[in-house]
Amino acid sequence: MTRFQTGQFCRSFRVSATLLVLTAACRGSEPGVVRGEMIFDACSPCHGDDGAGKQSLGAPAIAGASDWYLSAQLAKFRAGQRGYHHTDAEGLRMRPMSRALIEDKGDVSSVVDYVVSLPIPDPPATAEGDAEAGEEEYTALCSNCHGGDGRGVDTGVLELNAPSLLHLNDWYITSSLQKYRDGARGVGDAAGATMRAPVSGMSDERIENVTAYVMTMQRLPRKIAAPPAPPLPPLDVDPAILPEGVTVAMAQEGQEIFNGAVGICFTCHLREGGGGPLAPDLTDDVWLNIDGEYESIVNIVMTGVPQPVEHPGQMQPRAGRPLTDEQVRAVSAYVFTLSR
Ligand code: HEC
Ligand code: HEC
Ligand code: HEC
């Protein structure tokens, strides 16, 4: 059977077959995009032929998302970390679709290859909301991770895991933010939990405002890497102030961890620890949860802050990152120097 015939066969077959049978029947040897296009026949009824989404089915635009983000979300649906909640009708609809993909056959990477080959959609703004009020929220609560321009941290590797928002439909942005807030999304995985912090306690009105603002960013050119952050100033530490067992080299390593993708501390505490709406200032001598001594800093970075005193969202153990004990001690050394 030629490629074309296989595609035809699969298309007509879809009408009467379950997805599971379909993917089994379409299991071909064609790699990458071509095979992905066939598999996509099973996605297009909900996500649209162009991958731009269908509101009537609650299926968002997936064209325009990055490969790493698509793979990560499909993996979450498959593992039950997304589409797990009884109120999440859309997630529950998507979950069986993800499970019909056969990993051994490379279905996930093939369909992702195809989706990223589609043109990036530019959905219209339909939601009501005060974009001006939303801009303030966005700048304070969202821009650290998704970028001032909403492109996300699109480095192609799983670093900050914050996706681009520019291709998304406004109804989907609103419903996603509500799901994160209400625990219907993001409870069982580190990246999702990171996203829950900024929206915890947000009213529907604030969510609509921030969505309206995101939609004003839709027409920027996309897929262009954001400019790199300015270099960090050299860390000048007096070794005399350091507690036993802590070195200047550790604090210097910690500076990179804190202000970069390894530790992502800056996404909440802001660069060089100045503090923001999501997390406290670490450069002053006010401590909310600890006494500020070195060991207390190490402990709180290890355990996280499940119930913050003043801030809306949680800090996860080791900030939800795969930090080693040595890296925790290094980043804590840096935090220790900030207020001294
Ligand atoms: C029966 C309808 C349906 C089909 C078929 C379907 N999806 Fe979905 N998909 C959804 C819905 C609904 C959502 C939104 C879930 C939510 O709101 O959390 C979704 C969400 C997604 C997401 C997450 C998007 C994001 O921005 O986080 C991805 C990725 C995805 N689908 C990929 C696929 C792929 C690939 C296929 C084909 C193998 C597919 N879907 C087939 C309904 C469907
Ligand atoms: C600390 C970093 C961080 C902050 C701050 C943050 N986000 Fe996110 N955001 C993420 C991560 C990580 C994900 C992916 C989570 C997942 O995999 O479920 C995400 C996902 C999302 C999604 C879902 C995208 C999709 O395709 O399904 C939307 C919408 C979103 N963020 C909007 C916002 C808005 C609006 C704000 C401000 C109110 C915000 N984010 C603040 C890190 C962040
Ligand atoms: C998702 C946001 C977020 C990230 C990422 C994050 N933190 Fe936090 N951090 C918080 C919150 C919230 C608190 C508690 C504030 C409160 O109690 O009101 C906190 C508290 C702290 C404290 C104690 C401050 C005090 O006054 O009690 C330290 C130290 C700290 N964080 C260090 C770090 C380090 C180091 C990293 C990176 C490895 C990091 N944080 C990453 C949100 C975050």
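Residues numbered from 1 in each chain as written. Chains lettered and ligands numbered in written order. Predicted model: local features only at pLDDT ≥ 70, side-chain atom pairs only at ≥ 80, totals over all residues.

Let us now look at the overall build of the protein. Scanning the protein from terminus to terminus reveals 16 helices and zero strands. Across the 340 residues in the protein, those meeting the buried criterion constitute 41%. At a minimum sequence separation of 6, the contacts of the protein that also span at least 24 residues come to 65%. (Helix = DSSP H or I, 4+ residues; strand = E, 2+ residues; numbered from the N terminus. Buried ≥ 20, exposed ≤ 12 C-beta atoms within 10 Å, placed from the backbone. Contact = placed C-beta atoms within 7 Å.)

Of note in this structure, L270 is not a glycine but carries a positive phi near 65°. Tracing the sequence through the fold places L270 in the loop between α14 (266-269) and α15 (294-303).

One can describe the packing of helix α5 (residues 67-79) onto helix α7 (residues 107-117) by two numbers: an axis separation of 10 Å at closest approach and a directional angle of 140°. With respect to α7, the element α5 is oriented oblique. Seen along the crossing, α5 lies across α7 with a hand that is right-handed. Of α7, the residues touching α5 (which contributes D67, L70, S71 and L74) are V108, V112, V115 and V116. Considering only residue class, the contact of α5 with α7 consists of six nonpolar, one polar and one charged. (Axes fitted to C-alpha atoms, helices over the stretch in contact; angles between N-to-C directions. Parallel < 35°, antiparallel > 145°, perpendicular 65-115°, else oblique. Left-handed = near helix turned anticlockwise from the far one by under 90°. Nonpolar A, V, L, I, M, F, W, Y, C, P; charged D, E, K, R; others polar.)

The environment of ligand 3 is formed by 30 residues, the closest being C265, C268, N289, P308 and M315. Sorting the residues of the shell around ligand 3 by element identifies α11 (190-199), α14, α15 and α16 (325-338) as the ones contributing at least two each. Classifying every residue of the shell around ligand 3 by side-chain character gives 22 nonpolar, seven polar and one charged. (Near = placed C-beta within 6 Å.)

With that out of the way, let us pick up α16. For α16, with 14 residues, the first-to-last C-alpha span of 20 Å sits near the 20 Å given by 1.5 Å per residue. Where burial is concerned, most of α16 is hidden: 12 out of the 14 residues are buried. All buried positions along α16 are accounted for by Q327, V328, R329, A330, V331, S332, A333, Y334, V335, F336, T337 and L338. Contact partners of the buried residues in α16: α13 (248-258) and α15. (Expected span 1.5 Å × (residues − 1).)

If you look at the biggest cluster of nonpolar residues, it comprises 70 residues, and the most contacted ones within it are V111, V115, V331 and Y334. Sort the elements by how many residues they give to this core and α16 lands first, with eight residues. (Core = buried A, V, L, I, M, F, W, Y, C linked by C-beta atoms within 7 Å.)

What follows covers the site of ligand 2. C142, C145, A162, G192 and M195 are the nearest of the 25 residues found near ligand 2. Ranked by the residues each element gives to the shell around ligand 2, the list is headed by α11, at six residues. When grouped by side-chain class, the residues that make up the shell around ligand 2 number 16 nonpolar, eight polar and one charged.

Let us look at the environment of D285. With respect to the element layout, D285 can be found in the loop between α14 and α15. Judged by C-beta crowding, with 8 C-beta atoms within 10 Å, D285 ranks as exposed. Along the backbone, D285 and S339 are 54 residues apart, and their C-alpha atoms lie at a distance of 5.9 Å. Ignoring sequence-local partners within four residues, the contact set of D285 consists of G292 and S339.

On to the packing of α13 against α16, then. Viewed as axis vectors pointing N to C, α13 and α16 meet at an angle of 95°, and their least axial separation amounts to 7 Å. Taken together, the axes of α13 and α16 are roughly perpendicular relative to one another. Contacts between α13 and α16 involve M250, A251, E253, G254, Q255, I257 and F258 from the first element and Q327, R329, A330, V331, S332, A333, Y334 and T337 from the second. Grouping the constituent residues of the contact of α13 with α16 by class yields eight nonpolar, five polar and two charged.

Turning our eyes to something else, we now look at the confidence of the model for the protein. On average, the protein scores 85 in pLDDT, and the residues at 70 or more come to 85%. When pLDDT is averaged over each element of the protein, α15 comes out on top at 98 and helix α1 (residues 3-14) at the bottom at 35. Low pLDDT, under 50, characterises residues 1-30; the predicted model gives this stretch 35 contacts beyond four residues in sequence or across chains. (pLDDT = per-residue confidence, 0-100.)

Now for the environment of P233. By secondary structure assignment, the location of P233 is in the loop between α12 (204-216) and α13. You can call P233 exposed: it has 8 C-beta atoms within 10 Å. Taking the C-alpha atoms as reference points, P233 and Q255, separated by 22 residues in sequence, lie 9.8 Å from one another.

With that out of the way, let us pick up the environment of P277. As for its placement among the helices and strands, P277 is situated in the loop between α14 and α15. Note on P277: 15 C-beta atoms within 10 Å, which makes it partly exposed. In this structure the C-alpha to C-alpha distance between P277 and P312, which are 35 residues apart in sequence, comes to 8.1 Å. Residue contacts for P277: discarding those within four places in its chain leaves A140 and L141.

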